[in-house]
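# Inside the fold
Residues per chain are reported as follows:
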Amino acid sequence: MSHRFVAGEELDEAVSAARVCNDQGMLVSLDYLGENVATMADAQRARDAYLEVFERIAAEKLNANVSCKLTQLGLDLSPEFCEGQVLSIVERAAHNENFLRVDMEGSDYTERTIQVVKRVRSHSPAIGTVIQAYLYRSEQDIQDLLAYGCRIRLCKGAYKEPPQVAFPRKEDVDANYVKLMRLLLPSGFYHGIATHDPHMIGATIRCAAEMKICKEDFEFQMLYGVRTDLQRRLVRDGYRVRIYIPYGNDWFPYFMRRLAERPANLAFFARNFFR
Ligand SMILES: Cc1cc2nc3c(=O)[nH]c(=O)nc-3n(C[C@H](O)[C@H](O)[C@H](O)COP(=O)(O)OP(=O)(O)OC[C@H]3O[C@@H](n4cnc5c(N)ncnc54)[C@H](O)[C@@H]3O)c2cc1C
């Protein structure tokens, strides 16, 4: 059932999915699934997997970059150890003229993630991160990261957060998304607008036209298996679209987040399961 959202358990399957996206005119970000590892050995294995992904992207001549999560690289175990791991991956990315995007996890990790990204960014421009529009702190974080020249992916946010840190109402999250998108687009850096929401996409297209920002100066990003119709339409209209392709055997938490953010998915999967 998870195959709708996850390319497979092996890198080969992710590479095949990436090839199909590239052939359809879309860019890709490959994510080796995993989070909250328990040991440094597991975190080091994850780092090695990422080094391999960058080599494979180069060997296969894919138009793809890479996304990772810091808790998969040992953030819970030691921020310094994690930072060293990220630095070695980013050095490989830079060597291959590629880019590492650090996903944003639950709000307990926001500050630590931003600190690691800022420190690594001061060594290399081949790293960027993600800002979640549902967090109250995000506008401040964007100002802070832009001062480091950091490229940002803007998303709404996928974790269950308390009202002390995040807007509880969808209308407020959407309004903040538009506000933050309007800060990012004219900033002079290349950012990713990650959403499947036609209202957010429409607002972005209007903002780019109003501010005379070219289609090449930003990209839309969407998840593998979600709104493929919209993905293709944006490509047809000349926009840059990057598809986030997750793979690996630790797919369960990612799959559950995709089910949780859309109750209709749950009904769909339950029906198919019992059939
Ligand atoms: C490329 C990318 C990277 C992301 N990285 C992160 C990250 O690092 N950290 C993080 O917290 N979140 C991340 N997210 C997830 C994001 O925060 C949202 O949870 C998710 O994208 C749904 O929000 P939306 O903007 O699509 O809007 P919504 O208002 O939730 O959805 C708009 C429409 O999109 C479609 N849709 C949305 N989600 C689904 C789904 N699961 N299944 C089927 N249809 C769906 C539906 O048609 C829905 O009506 C990422 C999203 C994308 C696209």
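Our structure's up above, just so we're on the same page.
Residues numbered from 1 in each chain as written. Predicted model: local features only at pLDDT ≥ 70, side-chain atom pairs only at ≥ 80, totals over all residues. Heavy atoms only, no water.

### So, the overall build of the protein
Looking only at helices and strands, one finds 10 helices and 8 strands in the protein. Radius of gyration (C-alpha) of the protein: 18 Å, near the 19 Å computed for a compact globule of 275 residues. Projecting the C-alpha coordinates of the protein onto the three principal axes gives extents of approximately 55 × 45 × 40 Å. For the protein, the proportion of contacts with a sequence separation of at least 24, taken over those separated by at least 6, is 72%. In the structure as shown, the protein presents an accessible area of about 12700 Å², 54% of it carried by carbon and sulfur atoms. Seen as two clouds, the 36 positive and the 37 negative side-chain charges of the protein have centres 6 Å apart. (Helix = DSSP H or I, 4+ residues; strand = E, 2+ residues; numbered from the N terminus. Rg over C-alpha atoms; globule rule 2.2 N^0.38 Å. Contact = heavy atoms within 4.5 Å. Areas by Shrake-Rupley, 256 points an atom, 1.4 Å probe, with all protein chains shown as cover. Lys, Arg positive; Asp, Glu negative; His and termini not counted. Charge placed at Lys NZ, Arg CZ, Asp CG, Glu CD.)

### Side note on the site of the ligand
Looking at the ligand, there are 27 residues lining it, with K156, G157, T195, H196 and E261 nearest. For the ligand, the protein covers 88% of the area, taking 920 Å² as the surface of the free molecule. Mapped by element, the contributors of at least two residues to the shell around the ligand are β4 (127-132), β5 (151-155) and β7 (218-223). Take the shell around the ligand: its biggest share by element is 3 residues, from β7. (Near = heavy atom within 4 Å.)

### Some words on helix α2 (residues 40-60)
Its 21 residues place the ends of α2 30 Å apart at the C-alpha level, agreeing with the 30 Å of an ideal helix rising 1.5 Å per residue. Taken together, the buried positions of α2 are occupied by A43, A46, A49, Y50, L51, V53, F54 and I57. Residues of α2 that are buried in the fold lie against α1 (11-23), β1 (27-32), β2 (64-68), α3 (79-95), β3 (100-102) and β8 (241-247). (Expected span 1.5 Å × (residues − 1). Buried < 20%, exposed > 50% of the residue type's maximum accessible area, 1.4 Å probe, protein only.)

### Points about the environment of N98
Within the secondary structure, N98 sits in the loop between α3 and β3. A C-alpha to C-alpha distance of 9.5 Å links N98 and N63, two positions 35 residues apart in sequence. Ignoring sequence-local partners within four residues, the contact set of N98 consists of F54, I57, A64, N65, A93 and A126.

### What to know about the pattern of salt bridges
Applying the stated criterion to the full structure yields 24 salt bridges. R137 is the partner of E111 in a salt bridge, and the nearest nitrogen-oxygen pair spans 2.6 Å. Of this pair, E111 sits in helix α4 (residues 110-121) while R137 sits in the loop between β4 and α5 (138-147), placing them 26 residues apart in sequence. Of the residues examined, R137 reaches a relative accessible area of 29% and is grouped as partly exposed. Three or more residues are tied together by salt bridges with common partners; here these are D12, R19, R56 and E60. (Salt bridge = Lys/Arg side-chain N within 4 Å of Asp/Glu carboxyl O.)

### Quick look at the packing of α4 against α5
α5 packs onto α4 with a crossing angle of 10° between their chain directions and a minimal axis gap of 11 Å. Here α4 is positioned roughly parallel relative to α5, judged by the angle of their axes. Contacts between α4 and α5 involve T110, I114 and K118 on the former and, on the latter, D141, D144 and L145. Classifying every residue of the contact of α4 with α5 by side-chain character gives 2 nonpolar, 1 polar and 3 charged. (Axes fitted to C-alpha atoms, helices over the stretch in contact; angles between N-to-C directions. Parallel < 35°, antiparallel > 145°, perpendicular 65-115°, else oblique. Nonpolar A, V, L, I, M, F, W, Y, C, P; charged D, E, K, R; others polar.)

### Examining the nonpolar core
In terms of nonpolar packing, the biggest core is built from 76 residues, with L73, V86, L100 and I245 touching the most fellow members. The residues touching L100, leaving out its near neighbours within four places in the chain, are F54, V66, C68, V86, I89, V90, A93, A126, I127 and G128. Counting residues in hydrophobic clusters, the runner-up holds 10 residues, among them F5, L33, L259 and F269. (Core = buried A, V, L, I, M, F, W, Y, C linked by side-chain atoms within 4.5 Å.)

### Concerning the pairing of β8
Every regular strand shows the same layout, with side chains that alternate between the two sheet faces. In terms of burial, β8 is a largely internal element, 7 of the 7 residues being buried. In β8, alternate side chains face the same way, and those of V241, I243, I245 and Y247 on one face and R242, Y244 and P246 on the other are all buried. Strand direction decides the pairing type here: β1 and β8, joined by 6 bridges, are parallel. In the sheet register, V28 faces β8, and the bridge partner there is I243. Inspection of the sheet shows β7 paired to β8 by 4 bridges, in the parallel sense. Counted as the bridge partner of Q221 is R242 from β8. Read as a crossover between parallel neighbours, the route from β7 over helix α8 (residues 228-236) to β8 is right-handed. (Pairing = 2+ DSSP bridges. Right-handed = clockwise from strand over helix to strand, strands pointing away.)

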